[in-house]
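Architecture at a glance
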Amino acid sequence: MTTRIYVPCDAAALSMGADKVAKAMAAEAQKRGLDVTIVRNGSRGMLWLEPLVEVETTQGRVAYGPVRVGDIAGLYDAGLLSGGAHRLGHGLTEKIPFFARQQRLTFARCGLTDPLSLDEYKAHGGLEGLAKALALAPAAVVEEVTQSGLRGRGGAAFPTGIKWRTTLGAAADQKYIVCNADEGDSGTYADRMVMEGDPFVLIEGMAIAGLAVGATKGFIYIRSEYPHAFGVIQEAIRRAEAAGILGKSVMGKGPAFHLEARLGAGAYICGEETSLLDSLEGKRGQVRAKPPLPAISGLFGKPTIINNVISLASVPWIMAHGAKAYADFGMGRSRGTLPVQLAGNIKRGGLFETAFGVSLRTLIEDLGGGTHSGKPLRAVQIGGPLGAYHPAHELDTLLDYEAIAAIKGMLGHGGIVVFDESVDMAKQARFAFEFCAQESCGKCTPCRIGARRGVEVVDRIIAADHREANRVLLDDLCSLMTDGSLCALGGLTPLPVMSALHHFPEDFNRPALPLAAE
Amino acid sequence: MDAAQSKVPDFDEARARLVIARLAHLDGALLPILHELQHEFGYVDARNVPLLAEALNISRADVHGTISFYHDFKSAPQGRHVLKICRAEACQSMGCESLVTHLAQAHKLAPGETTGDKALSVETVYCLGNCALSPAAMLDDELIGRLDADRLDQIVLDATGMRS
Ligand SMILES: Cc1cc2nc3c(=O)[nH]c(=O)nc-3n(C[C@H](O)[C@H](O)[C@H](O)COP(=O)(O)O)c2cc1C
Ligand code: SF4
Ligand code: FES
């Protein structure tokens, strides 16, 4: 009887040598005359253990990691195939605390299955949501999504059902579903992981969205930094078409739904929804003034749903299990689950899907194990480059859109980047402006010019050149950018800047560099 | 543009026209075509601009504006290998800037530059989605996690084919 060995094909696992490990695992088995089948699964999300090799045993899947090619002979010697003890062993994967403590709804299959196997997808509950949606009237599907309380996971947390209702109500000869897979925020990789680890769930979610609002065409706009995810999604689309899930009639029962994957071209601003639409149309990715809302006049001027990968990938679970089951998770107005991404200087970095309401400290210290360097934690940035920096004493805040807003932060796409005590917060503030200047679409002055001025002002503060006057100037500049920018790139850049200044003023008050001294 | 880059790169109009014709039917065809041209030639030659404008029935200014907006589209050939180093926050927290410094000191190579033999170009990127395994980089299409100075040295040596 053959033994199944799982070696992930997720890009993060590949970045730590998973391909070489998979090959060497197979070669070593052959050398020893062992009958093994190597399965390339998605990642379980415990990225500090990648490549995480799992062996199927009678008790369940047993985990070993991080496995290097040099460990493989030793693993076989230790009785890997029956889950034998080894210093890299972690016992049953699903009993590892980091995994066991999650509520995996959207990521239920990610890491469990071969991402491109439709049979495995179906065997693990895939397509149940779509089947339910096909039996309902469009308005009933929209209602279900509304009742689930799902809010957009791309950053702005706008209620998904309400957006869908607008597009459903818009009359047009053509409507579109656009998936925002531009995932540009530092510290985030949930979109990438689901696209690589369970691509059919995104396709299913988009097909449901199509049925719900009467759209027959969809696009997935994937950032070019994700060539691997792009390849997986393209292949998954081909297979879904061949199986009749997509195409002239969704699952042979519904209206048409055609799907295409498109590559971005290295512009952060193209994650902003209207800029993304212009980019899809083949133009410069410049932000459009709103109104009109994309839900009414979006891609090529047609009513368009634009949602983040995780928003869309959450819909199949909601349809399959019901809005109430989803809304039963979470707290306050943050319903359901969020795939939190622990990143940066953290001991156990990875994806942790959890109901809202857990504390940041639990996530970072208990689950994440504190800093990677072992030095004291000094700051965390939540919500990507436009999110605030928080000091250690704010970590008792709960994971909840409103709770994080209450400490003047932004949960965004759920990335948490940890910094140890070596961080220089004045440099981080400078970088926030620098990044904004690099990535500005150039449409409005507060952002295009303001970000450049911001870099200069912070430089002068660091150099102790008229510090007080420049502090006042910085305040003014930030208010101007906050109030006067057309989109959140210019509008939120002051958030990391001012939070750094507010919580870590000492970093802006260091003795002047000799040259710049007054 | 240095002397090596300004020598006429090999551009083949017939081949460019084929690429354009193959994809021109797509909705919003310009980006897919530009990616394909970049893939085919290693950069997007300015001589594509009129061809694109004609095929897609848009102005040359629009074509040029689009090409220049996106970091991905290069106006001149890159090195044979491209190393993208992530310098966004998560990678900063794990010391990516010291790797950039190392590259400059040990290999006289800064982001935005190409080695003299055109073997390796180095670029800055902001996030590769590998932020739990920072510092991250991408060599051609291969993602790298936990990049360190030794690995960086190896990449430079392998790309430039130097034997130590
Ligand atoms: C500068 C900027 C960058 C953004 N980047 C992304 C992104 O990479 N991915 C994403 O889903 N949303 C991003 N957004 C948010 C989108 O504009 C939009 O709110 C989202 O795609 C809507 O989908 P959702 O409701 O499912 O979140 C960005 C917004 C701004 C202002
Ligand atoms: S704030 Fe910046 S990115 Fe946003 S529209 Fe204005 S210039 Fe463009
Ligand atoms: S910040 Fe470097 S990979 Fe995300």
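Model, not experiment: these values are computed from the prediction.

1. Observations regarding the interface of chain A and chain B
Taken together, the contact pairs 60 residues of chain A with 36 residues of chain B. Area buried by chain A at its contact with chain B is led by A265, R284 and F431 of chain A, which between them contribute 15% of it. Applying the counting rule to chain A against chain B returns 0 salt bridges. Linking chain A with chain B are 22 residue pairs in polar contact (both at pLDDT 80 or more), by the criterion used here. Listed by contribution, the elements that provide at least two residues to the side of chain A that touches chain B are α1 (11–14), β7 (217–222), β8 (258–263), α12 (273–280), β12 (337–344), β16 (415–420) and α17 (425–439) of chain A. In terms of residue count, the dominant contributor to the side of chain A that touches chain B is α17 of chain A (5 residues).

2. What to know about the site of ligand 1
All names here are of chain A. Near ligand 1 there are 20 residues, and of these G154, N180, N307, N308 and S311 occur at the shortest range. At a separation of 3.4 Å, an oxygen atom of ligand 1 approaches a polar backbone atom of G184. The contact in question runs from an oxygen atom of ligand 1 to an N or O atom on the side chain of N307, over 2.8 Å. Expressed as a share of its isolated accessible area of 600 Å², the protein-covered part of ligand 1 is 91%. Mapped by element, the contributors of at least two residues to the shell around ligand 1 are β9 (304–308) and α20 (488–492). Residues of the shell around ligand 1, tallied by class, amount to 6 nonpolar, 8 polar and 6 charged.

3. Points about unusual backbone geometry
Of the consecutive residues G65 of chain A and P66 of chain A, the connecting peptide bond is found in the cis state with omega at -5 degrees. Cis rather than trans, the peptide bond between S134 of chain B and P135 of chain B has omega equal to -10 degrees. For P135 of chain B, the location among the structural elements is in the loop between β2 (120–125) and β3 (137–139). For C127 of chain B, which is not glycine, the phi torsion reads 80 degrees and is therefore positive. Relative to the assigned elements, C127 of chain B resides in the loop between β2 and β3. Here the phi dihedral of R146 of chain B falls at roughly 50 degrees; this positive angle occurs in a residue that is not glycine.

Definitions and limits used
Residues numbered from 1 in each chain as written. Chains lettered and ligands numbered in written order. Predicted model: local features only at pLDDT ≥ 70, side-chain atom pairs only at ≥ 80, totals over all residues. Heavy atoms only, no water. Contact = heavy atoms within 4.5 Å. Buried area = accessible area lost by both parts, 1.4 Å probe. Salt bridge = Lys/Arg side-chain N within 4 Å of Asp/Glu carboxyl O. Polar contact = N/O pair within 3.5 Å; in protein donor to acceptor, adjacent residues only side chain to side chain. Helix = DSSP H or I, 4+ residues; strand = E, 2+ residues; numbered from the N terminus. Near = heavy atom within 4 Å. Areas by Shrake-Rupley, 256 points an atom, 1.4 Å probe, with all protein chains shown as cover. Nonpolar A, V, L, I, M, F, W, Y, C, P; charged D, E, K, R; others polar.

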